[in-house]
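Spelled out, the chains give:
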Number of protein chains: 2
Amino acid sequence: MRKRDTVRRTTAKEVAAAAGVSKWTVIRAFTPGSSITEESKRRVMEAAAALNYSPNLLARSLATNSTRQVAVFVDDFRNPQKLPFLETLTERLQAAGLVVMLININNHFDHVHALLHADQRQVDAVILFGTAFRDETLADRKLGHGMPPMFVLARDSQIEGVPAVVCDAELALREIVDHLHEKGYRRPGFMSGATALSTALRRRQHFTDFWAEKGVDKIELLSAEKYSAEAGATSVHEYLSRTAPAERVDVLMCENDILALGAMDEIRGKFGLRVPEDIAIVGFDNYELGGSSAYSLTTYEQPRFEMVEAIIGMIVGTTEAETVTLPGKMIIRNST
Amino acid sequence: MRKRDTVRRTTAKEVAAAAGVSKWTVIRAFTPGSSITEESKRRVMEAAAALNYSPNLLARSLATNSTRQVAVFVDDFRNPQKLPFLETLTERLQAAGLVVMLININNHFDHVHALLHADQRQVDAVILFGTAFRDETLADRKLGHGMPPMFVLARDSQIEGVPAVVCDAELALREIVDHLHEKGYRRPGFMSGATALSTALRRRQHFTDFWAEKGVDKIELLSAEKYSAEAGATSVHEYLSRTAPAERVDVLMCENDILALGAMDEIRGKFGLRVPEDIAIVGFDNYELGGSSAYSLTTYEQPRFEMVEAIIGMIVGTTEAETVTLPGKMIIRNST
DNA sequence: TTGTATGCGTTATCAA
DNA sequence: TTGATAACGCATACAA
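Under an unreviewed UniProt entry, the name given to chain A is HTH-type transcriptional regulator ascG, and the organism recorded is Rhizobium freirei PRF 81.

Structure follows, in structure tokens:
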């Protein structure tokens, strides 16, 4: 590992010597609200400026037992929706004096390893911001005690004592189904990404339930296995290939925008069908490109800012955190 | 700030007591290559497992003067290309035993603040992975000494002593211009995102130079100011509105895919023109969605894996790092 | 208000 | 090989 310049960081001790006070007075000058005379503070600050001193956060963390670092676990970098969320997360956390450790959860470094590692680094909190976490492994009792507080973002949490911040799926699906029904669609289909996930199952269940309320019991279920444009295309390709035109769905709801865009490409490009005349498409997330005239995708926007604020409130809050469900916004465009 | 469970992490001292050895022996058991008997190690490891001990990385960092944390500065979350790069970066850094601190550079927290902060946290290195850094401010002498080593990813570096890893722009633009010329285009345009950036200027310069070599001296220059689909659309809209059809470019090269996709939407959607028949489009980055049949965008792919490996090599390397230029790959699709 | 002693949990160095 | 002493830079508690 390359070494930083030989110049060491100046310490409180050195500033103290320069200012002619004890090092504890230097500490006080840098501790808001501590008792110190104006004169002492001024002299310390002058010496500090001259020596280019600033407190060593590492040492502070060791002494205070708080790093002001938050680990964010991500496992799904294919979903471009992650990016605006990461932007908002980092921005708001930084504003709160916290900094993000971005942890890539994958086969080589799974969430159990990651959690152990985050604990070793003494992070103040862990945000689970992925799709494919298996709740059971995190609920493992070995991990139960002494670990940093965990929170789930944009997904359900089945883990005891681990609250989540989610977009209200029931409300979202109700609005979507209402809209589709009103538009006259009657043969709905649902494409899910990861069928093993409780969040995915829940959305699908709401979709089915609300259609049932309207007297539509037959829901075509497609499974893309993953969340990518390619997976969406493959899944719809397989479906259209094996289904006679008269039997096909008239509207396909995809679990997220990326699946929807992939499906749309395949439907129009490879099969020469029209959207929404032959098959209408609905996504979820309101990814920027879905709004382009090339797609004009009807979708549902998660309340990103509110969600991020909520999870930060949980992290910096002092009271016991509880799962929060926030309403999103229906975005109707030309694909339905 | 919420406190972690009252259960404190077990320390080497406690393990030592349980195993009946001194705490230094415990440390040795966890230090590969240190001299310790098999028997001692076994007893320590047993006690450690029973007590659920693992070394505190914070304390280690303070003692060794190395945090094994790398700060990554990002200022441009609109470009989806950031996501795969972040994925590769985190994955490869983690494999090297390093972890990413993701820093959002914006108006409230500029790169000078961020650098000072990263220094306070004693990060082992800083990766500049944005578009709009102003080189001058980072070259400021106040920041010159004692700061962590800095490296620039996917952009030129004008900063003395700060090496960069970039995709070979000269090669890329040569291949692109060759391709376009071969296809018969003769009235080229270039849309840049941020005209103030040296990297942007360089690409444009190569584009102009290579066309000049082929006897084409007139290059239409568009400026989108920012890097977003919307900015690309607005820019091309303004251009087409003020330019008579006969005067228009026959091919428009955009500085990145997002600009290109935005421009393409506008050209086809609002102006009813065909791509590539009326205007051909070229992007840069090979963003996944550009490959969809809705766009089928001709573009240029940066050698992401090689670039990441190169920058990690610089970080963990012992010899003086020098700017590395790597060849990318031309991706020809139907938009040209 | 200011200075002193002690602790945070490791690593580095030396002596046994 | 093992134990002991010092150091990393700051914060907390207490005494002056």
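(A) Here's a closer look at the sheet that holds strand β6 (residues 188-192) of chain B. Residue and element names in this part refer to chain B. With parallel pairing, four strands are arranged side by side in an open sheet as β7-β6-β8-β9. Here the strands that pair on one side only, and so sit at the sheet edges, are β7 (220-223) and β9 (280-282). Between one strand axis and the next, the sheet turns through 20° on average, direction left out of account. Sheet topology places β6 next to strand β8 (residues 251-254); four bridges connect them, and they run parallel. Counterpart to G189 in the pairing with β8 is L252. Packed onto the sheet, helix α10 (residues 229-242) meets β6, β7 and β8 and runs at close to 135° relative to β7.

(B) The protein's contact with DNA strand C, seen in detail. Neighbouring DNA strand C are 24 residues, the closest being W24, T25, R28 and S40 of chain A together with R60 of chain B. Counting only the atoms of DNA strand C within 4 Å of the protein, the fraction contributed by sugar and phosphate is 59%. For the surface near DNA strand C, the secondary-structure elements that each account for two or more residues are α2 (23-29) and α4 (57-64) of chain A together with α2 (23-29) and α4 (57-64) of chain B. In terms of residue count, α4 of chain B provides more of the surface near DNA strand C than any other element does, four residues in total.

(C) Focus on the relation of the copies chain B and chain A. If you rotate chain B by 180° and push it 0.0 Å along the axis, it lands on chain A with an RMSD of 0.1 Å. Taken together, the rotation and translation describe the operation of a two-fold axis. Relative to the rotation axis, the closest C-alpha in chain B is found at M101 of chain B, a distance of 2.3 Å. When the interface residues of chain B are mapped onto chain A, 100% of them again lie at the interface, so the same face is used by both copies.

(D) Looking closely at the environment of R203 of chain B. All names here are of chain B. Take R203: it is sitting in helix α9 (residues 198-213). Since its relative accessible area comes to 12%, R203 is described here as buried. C-alpha separation for the pair R203 and A172, spaced 31 residues apart in sequence, amounts to 9.0 Å. Here R203 is in contact with A169, L173, F190, E255, F284 and Q302, once residues within four sequence places are set aside. Among the polar contacts made by the side chain of R203, one reaches the main-chain carbonyl oxygen of E255 at a distance of 3.0 Å.

(E) Spotlight on the packing of aromatic side chains. In total, this model carries eleven aromatic pairs over all chains according to the counting rule given. Their ring planes at 50° and their centres at 5.2 Å tell us that F190 of chain B and F207 of chain B sit as a pair that is tilted. Taken together, the residues span a long stretch of sequence, with F190 of chain B in strand β6 and F207 of chain B in helix α9 at a distance of 17 residues. F207 of chain B carries the same exposure label as F190 of chain B, and that label is buried. Taken together, F190, F207 and W211 of chain A form an aromatic cluster joined through their ring pairs.

(F) Quick look at the UniProt feature "domain: HTH lacI-type" (unreviewed entry) in chain A. With numbering matched to this structure, UniProt assigns "domain: HTH lacI-type" (unreviewed entry) to residues 10-64 of chain A. Secondary structure content for residues 10-64 of chain A is 67% helix and 0% strand, while the C-alpha to C-alpha distance between its ends is 20 Å.

About the cut-offs
- Residues numbered from 1 in each chain as written.
- Chains lettered and ligands numbered in written order.
- Predicted model: local features only at pLDDT ≥ 70, side-chain atom pairs only at ≥ 80, totals over all residues.
- Heavy atoms only, no water.
- Pairing = 2+ DSSP bridges.
- Helix = DSSP H or I, 4+ residues; strand = E, 2+ residues; numbered from the N terminus.
- Axes fitted to C-alpha atoms, helices over the stretch in contact; angles between N-to-C directions.
- Contact = heavy atoms within 4.5 Å.
- Near = heavy atom within 4 Å.
- Least-squares fit on C-alpha atoms with pLDDT ≥ 70 in both.
- Buried < 20%, exposed > 50% of the residue type's maximum accessible area, 1.4 Å probe, protein only.
- Polar contact = N/O pair within 3.5 Å; in protein donor to acceptor, adjacent residues only side chain to side chain.
- Phe/Tyr/Trp six-rings, centres within 6.5 Å; stacked < 30°, edge-to-face > 60°.
- UniProt positions renumbered as here; feature names shortened; annotations may be inferred.

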